[in-house]
Amino acid sequence: MPRPIQALIHPEAVAANLRRARAAAPDARLWAVVKADAYGHGIERVYEGIRGADGIALLDLAEAERVRALGWRGPILLLEGCFEPRDLELCSRLALWHVVHREAQIDWLAAHKTHEPHRVFLKMNSGMNRLGFGPQAVGSAWTRLNALPQVDEISLVTHFSDADGPRGVDHQVAAFAQATRDLPGERSLSNSAAILRHAQDQGVRADWVRAGILSYGSAPDYPEHDIAHWGLQPAMTLRSELIAVQPLQPGDTVGYGSRYTAERAMRIGIVACGYADGYPRHAGSGTPVLVQGVRTGTVGRVSMDMLAVDLTPVPSAQPGSEVTLWGRGPHGSVLPIDEVAHAAGTIGYELMCALARRVPVAVA
Ligand SMILES: Cc1ncc(COP(=O)(O)O)c(C=O)c1O
C-alpha cells in the first residue's frame, strides 16, 4: 500500500477561474500563465482547463515544447524571452512569441537566420526593476527591433510590483503610458492582482492580460480578499488520512521540540503528510486543516512525514479518516491554500510550486 497522501488537480476549476478573469477584463485577450509547470499543477494536467485562453505564457523552453506537443496551435509567449542565441531556433521552429527585455536579445535576433519573422513583446521596466528597458531606453529598443527583418509585430509589455497592495499600479501605469505614448503596438500590463483589482482603471485596460495565480484558485491579495470574495475555486487539493490517533492528558506534549502542550484531555490525529510532501514546516500550531470535512487545526511541529491535528471538533475521527491539507474536502468543504500559506508566513504560489515529487498526483 502506498502512503495515503495524494494531490488532486481540478482542470475544470482552472477553466472556471479563467472565465472569472475574462469577466473582469472582458475586452482583453487572455494569456494563461503556466510557468513552473503550471504553478506546480502540471501543464498536461491543467491543459483541458486552459484551452479556452487566447494564449499560453511561460518561460521554460522545454515547457513550450510540451505545450506544442499537446496540440496547442495558438500563441505561446516566453515571458523572459531567450536566454541564449540558439533559443531563437526553437522560437522559429515552434512559432513562439518572445519577450525582449535587454539589448543582447536584440543582438541575437539581428544575427538570427529565419524565414518567418518573430512576434516580440518589448518589455518596459516601469518600476518593478526586475526586467525591461527603462523609460529612456524603450524607444530606441523599439526602433532597433523595428528595423530588423527578423521581427514582425512589436507589442509592449510591463509588469506591476504592487497590484495586490496599497501602493497600487498608478505610478507604473503613468510611467508606461508616458514612455510608450509614441510607440504603436498591442499592450499587456496586468497580472492576476491587476486583473481582479484594477482591470477597469484608467490606463490599465489593454489588449492582453496575464492570468497566473488566480487560475489556480489562490487570491493574489490574501488576506485582504479570499477566493470566495473573488469567486475562485481551488485547482489543487492535497489530501491524506489519519494513520494514528493519540489520547492526550493535560501536560502531555506533541512532536519534536514539545512545541504543543495539552491543557486538557483531548485526542489528536496523526496525518500522513509532512514537509517532505511540500507541507510548510513553518506552519505553527493552529494552522487550519479539515478532518472529514470539519475544520480544525494542527498541533505541534510539522515533521518530515507526519503532522498532528486536534480532533476535538471531530470526535468520530479514526485512523483512515480523510484529511484535507488544502483544496476541496468532502461534503462541499473548502480549505483555501492561502490560509495554510498565510499561517506559514508564505503565499499560495510557493506551496503549489513546492508540492513534492513523492506525492502521487491525479486529475480529479
Ligand atoms: C511577467 C509576468 N506576467 C504575469 C505573471 C503572472 O502573475 P500572477 O501569477 O500574479 O498572475 C508573472 C508571474 O510572476 C510574470 O512574471
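Residues numbered from 1 in each chain as written. Predicted model: local features only at pLDDT ≥ 70, side-chain atom pairs only at ≥ 80, totals over all residues. Heavy atoms only, no water.

**Points about the site of the ligand**
The immediate surroundings of the ligand are formed by Lys35, Tyr39, Lys123, Arg130, His159, Asn191, Ser192, Arg210, Gly212, Ile213 and Tyr349. At a separation of 3.2 Å, an oxygen atom of the ligand approaches a polar side-chain atom of Arg130. Within the side chain of Ser192, a nitrogen or oxygen atom sits 2.5 Å from an oxygen atom of the ligand. Within the complex, the protein chains bury 91% of what would otherwise be the 390 Å² of accessible surface of the ligand. With respect to the detected pockets, the ligand is housed in the largest pocket. When grouped by side-chain class, the residues that make up the shell around the ligand number three nonpolar, four polar and four charged. (Near = heavy atom within 4 Å. Polar contact = N/O pair within 3.5 Å; in protein donor to acceptor, adjacent residues only side chain to side chain. Areas by Shrake-Rupley, 256 points an atom, 1.4 Å probe, with all protein chains shown as cover. 1 Å grid on protein atoms, 1.4 Å probe; cavity = no way out; pocket = protein on both sides within 12 Å on 5 of 7 lines; lining within 4 Å. Sits in = over half its atoms within 2 Å of the grid points. Nonpolar A, V, L, I, M, F, W, Y, C, P; charged D, E, K, R; others polar.)

**Quick look at empty space enclosed by the protein**
Evaluation of the coordinates by the stated rule reveals three cavities of 30 Å³ or more. Of the pockets and cavities examined, the largest cavity occupies roughly 70 Å³. Classifying every residue of the lining of the largest cavity gives seven nonpolar, two polar and two charged. (Points joined across faces, edges and corners; volume = space filled by probe spheres on them.)

**Quick look at the packing of aromatic side chains**
Under the counting rule described, the total for this entry stands at eight aromatic pairs. Consider the rings of Trp31 and Phe121, whose centres lie 6.0 Å apart with planes at 75°: the pair is edge-to-face. Here Phe121 lies in strand β6 (residues 118-123) and Trp31 lies in strand β2 (residues 29-33), a separation of 90 residues in the sequence. Taking the relative accessible area as the measure of exposure, Phe121 reaches 0% and is therefore buried. Aromatic side chains Trp97 and Phe121 sit 6.0 Å apart centroid to centroid with 20° between the ring planes, which places their arrangement in the stacked category. Note that Trp97 is positioned in strand β5 (residues 97-100) and Phe121 in strand β6, a separation of 24 residues in sequence. Both residues of the pair, Trp97 and Phe121, count as buried. (Phe/Tyr/Trp six-rings, centres within 6.5 Å; stacked < 30°, edge-to-face > 60°. Helix = DSSP H or I, 4+ residues; strand = E, 2+ residues; numbered from the N terminus. Buried < 20%, exposed > 50% of the residue type's maximum accessible area, 1.4 Å probe, protein only.)

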